[in-house]
Amino acid sequence: MNRITGRTGAESLIEMSPTGSLADDSNGYHIHPSSGRGSSQLDQPGSKLSPAVHVESCESLSASLGSLAASQHSDSPPSEPHTLECIGTLTGLWRKRALFLKFRSRINKQQQSKDSVFFRDGVRRIDFILSYVDDKDGERKQERRREFEENLQRAGLELETEDKSESDDGKTFFLKIHAPWEVLATYADVLKIKVPFKANDIPNNTEIPMNWLSTPFRLPSHVMQPEPDYFTAPFDKSKADFFLIDDKETFFPPSTRNRIVFYILARCPYTTEDKEKKGIKRLLNNGTYSSAFPLHDCRYWTRSRDADCESERYNLYNHWARFLCFFKEQPLNLIRKYYGEKIGIYFAWLGFYTEMLFFAAVVGLICFLYGLLTYDENEWSKEICSEDIGGHIIMCPLCDKKCGYWKLNSTCSSSWQSHMFDNVGTVFFAIFMGIWVTLFLEFWKRRQARLEYEWDLVDFEEEQQQLQLRPEYETKCTNRRLNRITQEMEWVLDRTAANIVGKVLLCWATVVLWISLIIACIIGVIAYRLAVYAAFASIMKDSPTNNLQVVGSLITPQLATSVTASCINFVIIMVLNLMYERVAIWITDMEIPKTHLEYENKLTMKMFLFQFVNYYSSCFYVAFFKGKFVGYPGDYVYMFGEWSKLRNEECDPGGCLIELTTQLVIVMTGKQVWGNIQEALVPWLMNWWGSRKARNHPESLYSRWEQDHDLQSFGQLGLFYEYLEMVVQFGFITLFVASFPLAPLLALINNIIEVRVDAWKFTTQFRRPVAAKAHSIGAWQEILNGIAILSVVTNAFIVAFTSDMIPRLVYMYAYQPDGEVTMRGYINNSLSFFSISQMQEANRPEEGENPLWFNSSFTTCRYRDYRYPPGHEKQYSHTMQFWHILAAKLAFIIIMEHVVFLVKYFVAWMIPDVPSEVKARIKRERFLVQEYLHNYEVEKLKVQLGDSSHRDCTCTPMIYPSLPAHEVLSECL
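### Observations regarding the overall build of the protein
Across its full length, the protein holds 32 helices and 18 strands. Restricting to contacts in the protein with at least 6 residues of sequence separation, those with at least 24 account for 77%. Surface summary for the protein: the accessible area is close to 46,400 Å², and the carbon and sulfur share equals 59%.

What follows is the structure in structure tokens.
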């Protein structure tokens, strides 16, 4: 046997080689020379080895093994003393038990538990974890790890390694990292992290009217306010006694500690040969380390029995991550404290967006109910379904040669369905949503400003964000230049004209290429619609060759085509998304942005541009192109020319709005359902599998780590995709909401689930993300503003050109033959006549062909348009009613846009971005910071002058002799 195990004292255990020399792997753990106190039992007195220790340890192990076997296994062999070599001779269950006792004896049970977030000394906190698998052929990886860890120690970090025998798989090493006070203080000074220096004494006079109504939705105060409110200032290491430092070990919260450690890891080199070879990201990419993450708190499903373990994760799970809490407010301050400001801002925005959706959903539901309640008052649908009117109107064929004539009443069902979404409430809801989106954005700015103040994010970007350069940018810098602001030389990237032009052309050429690919796919789907539309039209209509009258009355060719094309389009969207995500990241990496903020903004614009075209192009086609360029019988318009025989689609006599509704429902709902499956079901299955593995190793000290962190970490781009998903949804409920008033209701239901699913993933499924700061939602704010402006235009055009609202109003007030304000006779008025004989002459069949529309007993057929009848001097030209309707549509667009924009700008002007109370508190805090800093410097100078005049005096200071320096200065101030 190569190793000998011994005990000293009660629980301390040391392993040595047979020669008695200290191995590199003491106690099963790799010992780092600068790991500080408590990193090894060798640092403690009485840890020297002697031969007697070996015998005692062997006897102890044999006695423990014998007693365990005798008490638990009746068929165990007779107990007898075992030597160390006897473990190697055991087999089966006996060998497993012996190895288990050997493993268990390594751990100080009184100091280390499964819930521990400390080093083995129980004092130093684990701020970060690096894991790796020591490959047999990984000499280069071992060398890189050695260099990297030595450089981390030179940077002041303390390390401690857990042997692979402690892991569930028996292969993974865990490198624990601790940042001592000096490192934290130094980098807090560099990063200008704000820390408390005085308790906030400004009274909060905000009173909410009828506050008692919100009681059922509130959370306990200790969850909502996990720490008191303080005045804060950027940390200055030279003025450490100015700040409220009661305990250096807990002064910086864990989120700040892991942020500082990651800042060091991202810039630490792992070789001296190449400047570019540095940072944990490269080491993860080349397989040197398998993962890097900060450690979660203790178990989340129950309180830990370890008194030293924090309960923040348990509180988050109990009050936030469970779906039964869907009606409760979110503990934003606790989220910010545990995960950092960037994730806190996201959940604040998502929660506020969901709250505002409630009002839009209520109004949309009312508009939908209005359509249902006025169902029986729908005069034009009655005329379509009437056997006396719709049953006697013969419509022209929907396709060439294969399609026959059909009766208008076959579209009865679709006309009734269309009325539920195409009514007077549509206009009201379109105007309401234009105002709602403005209120949402303006009130969010106020909410964001309040969070900026409460979370110490005011002026964050100017003071801190620019200091956090991307390591990828730093490694590419080759030149130095003078910064005009700081008057210091700084490294800059070589951005020569050739370099810039080449990269810009390559990047944007790639973007244009992929957008062209999307457009090509959309054109392919349109071609599919035209071909399938003709096929459905030939079998679903009432013609002499089929008996599908029942099916034809329920499913029109337009509806059947729209449903199948929407499903195909949704599949294409999902496939293109997977492909373009990698392309967008590759393009952005190639541009080498300077800061993380710049990187995210560039990636945001590229991804949203792609998603905009990918998700919305099919809806734009149905809303603004379908049924608009059809022509008329005898002179139809074909998509690729007359040779293609792909005639442009027509709308139902009830309008195209129902088809836009179908398209929107399928794409929007499909995206949300698929997203929830990806976000909830897949992680749950993987976690279930991880739990099974953990149950196979119930005594593994670090099974909690591996169980929590088997899943992919919520990395830098994780939050980006969450924002992208919600912004795409925001586009659906604003750009096309006039066609589907229930869209906000579906979005509300989805978001209620989304908040809790995201919370559940963060708390139970993902590794704890590295904390990051953000003072706003970034570039997404500008994107939302752009969507809000575009939504007014799109909804105005949908009401005017996609809906039949304007033609009906023009008929009712100007063309009703009886002079009554009714819709009686509208259907007959909206359909034009065409002579069948002219159709037969223009499209005479070739020999052997017998089209269904040829040799008909009818003389005329009807089609949807406003044209003069055959025999008129202007036959088949547009009538004056057509131009009146067009003028009314344009007038409606202009009036609606101006009214909505006027209200939008008035509301934006009336609602300031920053509440007056927050402005006053910010000014007050800045004044107090300056005053206290000035008084601090004055008192410090007085103390120094007093010390210089009493250098030889060794007596205790007369003023507050028993108080710490900070409290003395506070009293003086």
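### Some thoughts on the sheet that holds strand E10 (residues 291-293)
An order of E6-E7-E5-E10 is seen for the 4 strands of this open sheet, with the pairing classed as antiparallel. Each edge of the open sheet is held by one strand with a lone partner, namely strand E6 (158-162) and E10. Taken pair by pair, the neighbouring strands of this sheet meet at an average axis angle of 20°, ignoring direction. Sheet topology places strand E5 (residues 128-133) next to strand E7 (residues 172-178); 6 bridges connect them, and they run antiparallel.

### Some details on the packing of aromatic side chains
With the rule as written, the count across this model stands at 58 aromatic pairs. A centroid spacing of 5.7 Å and a plane angle of 70° characterise the contact between Phe-235 and Phe-252, whose relative ring orientation is edge-to-face. With Phe-235 in the loop between strand E9 (230-234) and helix H7 (248-251) and Phe-252 in the loop between H7 and helix H8 (254-265), this pair connects stretches of sequence that are 17 residues apart. Phe-252 matches Phe-235 in its accessibility class, with the two residues each being buried.

### A few points about unusual backbone geometry
Notably, Asp-456 is not glycine yet its phi reads approximately 60°, a positive angle. Considering the arrangement of structural elements, one finds Asp-456 in the loop between helix H15 (424-454) and helix H16 (460-463). Even without being a glycine, Tyr-876 presents a positive backbone phi close to 65°. Within the secondary structure, Tyr-876 sits in the loop between strand E18 (860-864) and helix H30 (880-910). You can call Tyr-876 buried: its relative accessible area is 8%.

### Digging into the pattern of salt bridges
Here the structure, examined in full by the defined rule, presents 31 salt bridges. In this structure, Lys-337 engages Glu-312 in a salt bridge whose closest nitrogen and oxygen atoms are separated by 3.0 Å. With Lys-337 in helix H11 (residues 332-339) and Glu-312 in helix H10 (residues 312-321), this pair connects stretches of sequence that are 25 residues apart. In the salt-bridge network here, residues are joined through shared partners; they are Glu-143, Arg-146, Glu-147, Glu-150 and Arg-154.

### A word on the nonpolar core
The tendency in soluble globular proteins is for nonpolar side chains to be buried as a group. Core analysis: the biggest nonpolar cluster contains 138 residues, and Trp-349, Tyr-353, Trp-436, Phe-440 and Phe-732 have the highest contact counts within it. Per element, the largest residue contribution to this core is 16 residues, and it comes from helix H12 (residues 341-373). Listed in part, the 42 residues of the second largest apolar core include Leu-184, Ala-188, Ala-233 and Val-929.

### As for the environment of Asp-121
Secondary-structure assignment places Asp-121 in the loop between helix H3 (92-105) and E5. Given a relative accessible area of 16%, Asp-121 falls into the buried group. Within the structure, Asp-121 has its side chain in polar contact with the side chain of Arg-124 (distance 2.8 Å).

### Remarks on the environment of Gln-672
Along the polypeptide, Gln-672 turns up in helix H22 (residues 657-695). Taking the C-alpha atoms as reference points, Gln-672 and Asn-750, 78 residues apart in sequence, are found 7.0 Å from one another. Contact partners of Gln-672, with chain neighbours within four places excluded, come to Gln-729, Leu-746, Ala-747 and Asn-750.

### What about the state of the cysteines?
As enumerated under the stated definition, the model contains 2 disulfides in all. Through a disulfide, Cys-385 is tied to Cys-412; the S-S separation comes to 1.8 Å. Taking the sign of the S-S torsion, about 100° here, the bridge from Cys-385 to Cys-412 comes out right-handed. Taken as a pair, Cys-385 in helix H13 (residues 379-385) and Cys-412 in helix H14 (residues 412-421) lie far apart in primary sequence, 27 residues in all. A residue is classified by how much of its surface remains accessible, and Cys-385, at 23% relative accessible area, is partly exposed. Using a relative accessible area of 19% as the deciding quantity, one classes Cys-412 as buried. Two residues, Cys-396 and Cys-861, share a disulfide whose sulfurs are 1.9 Å apart.

### Digging into a nonpolar patch on the surface
On the surface, a nonpolar cluster with roughly 400 Å² of combined accessible area is contributed by Phe-217, Phe-323, Phe-326 and Phe-327. On the secondary structure map, Phe-326 appears in the loop between H10 and H11.

### Considering H11
Burial runs high along H11: 8 of the 8 residues are buried. Among the residues of H11, Leu-332, Asn-333, Leu-334, Ile-335, Arg-336, Lys-337, Tyr-338 and Tyr-339 are the ones counted as buried. Residues of H11 that are buried sit in contact with helix H6 (221-224), H8, H10, H12, H15 and helix H25 (743-765). Of the residues flanking the end of H11, it is Gly-340, one or two places downstream, whose phi is positive at about 105°.

### Brief notes about the side chain of Ser-618
Along the chain, the position of Ser-618 falls in helix H21 (residues 596-624). When sequence neighbours within four positions are dropped, the list of residues in contact with Ser-618 reads Ile-522, Asn-569 and Gln-663.

### Quick notes on the packing of H10 against H11
The N-to-C vectors of H10 and H11 enclose an angle of 140°; their axes lie 11 Å apart at closest approach. Taken as axis vectors, H10 and H11 run oblique relative to one another. Note that H10 runs across H11; the crossing there is left-handed. For the pair H10 and H11, contact is made by Glu-312, Arg-313, Asn-315, Leu-316 and Trp-320 and by Leu-334, Ile-335, Lys-337, Tyr-338 and Tyr-339, respectively.

### Some details on the pairing of E5
Counting buried positions along E5 gives 5 out of 6 residues, so the element sits mostly inside the fold. Looking at chain direction, E5 and E10 are connected through 3 bridges and run antiparallel. Across the sheet, residue Leu-130 finds its bridge partner in E10, namely Ala-292.

Criteria and thresholds
- Residues numbered from 1 in each chain as written.
- Predicted model: local features only at pLDDT ≥ 70, side-chain atom pairs only at ≥ 80, totals over all residues.
- Heavy atoms only, no water.
- Helix = DSSP H or I, 4+ residues; strand = E, 2+ residues; numbered from the N terminus.
- Contact = heavy atoms within 4.5 Å.
- Areas by Shrake-Rupley, 256 points an atom, 1.4 Å probe, with all protein chains shown as cover.
- Pairing = 2+ DSSP bridges.
- Axes fitted to C-alpha atoms, helices over the stretch in contact; angles between N-to-C directions.
- Phe/Tyr/Trp six-rings, centres within 6.5 Å; stacked < 30°, edge-to-face > 60°.
- Buried < 20%, exposed > 50% of the residue type's maximum accessible area, 1.4 Å probe, protein only.
- Salt bridge = Lys/Arg side-chain N within 4 Å of Asp/Glu carboxyl O.
- Core = buried A, V, L, I, M, F, W, Y, C linked by side-chain atoms within 4.5 Å.
- Polar contact = N/O pair within 3.5 Å; in protein donor to acceptor, adjacent residues only side chain to side chain.
- Disulfide = S-S within 2.5 Å.
- Patch = residues over 30% accessible without salt bridge, like charges linked within 9 Å, V, L, I, M, F, W, Y side chains within 5 Å.
- Parallel < 35°, antiparallel > 145°, perpendicular 65-115°, else oblique.
- Left-handed = near helix turned anticlockwise from the far one by under 90°.

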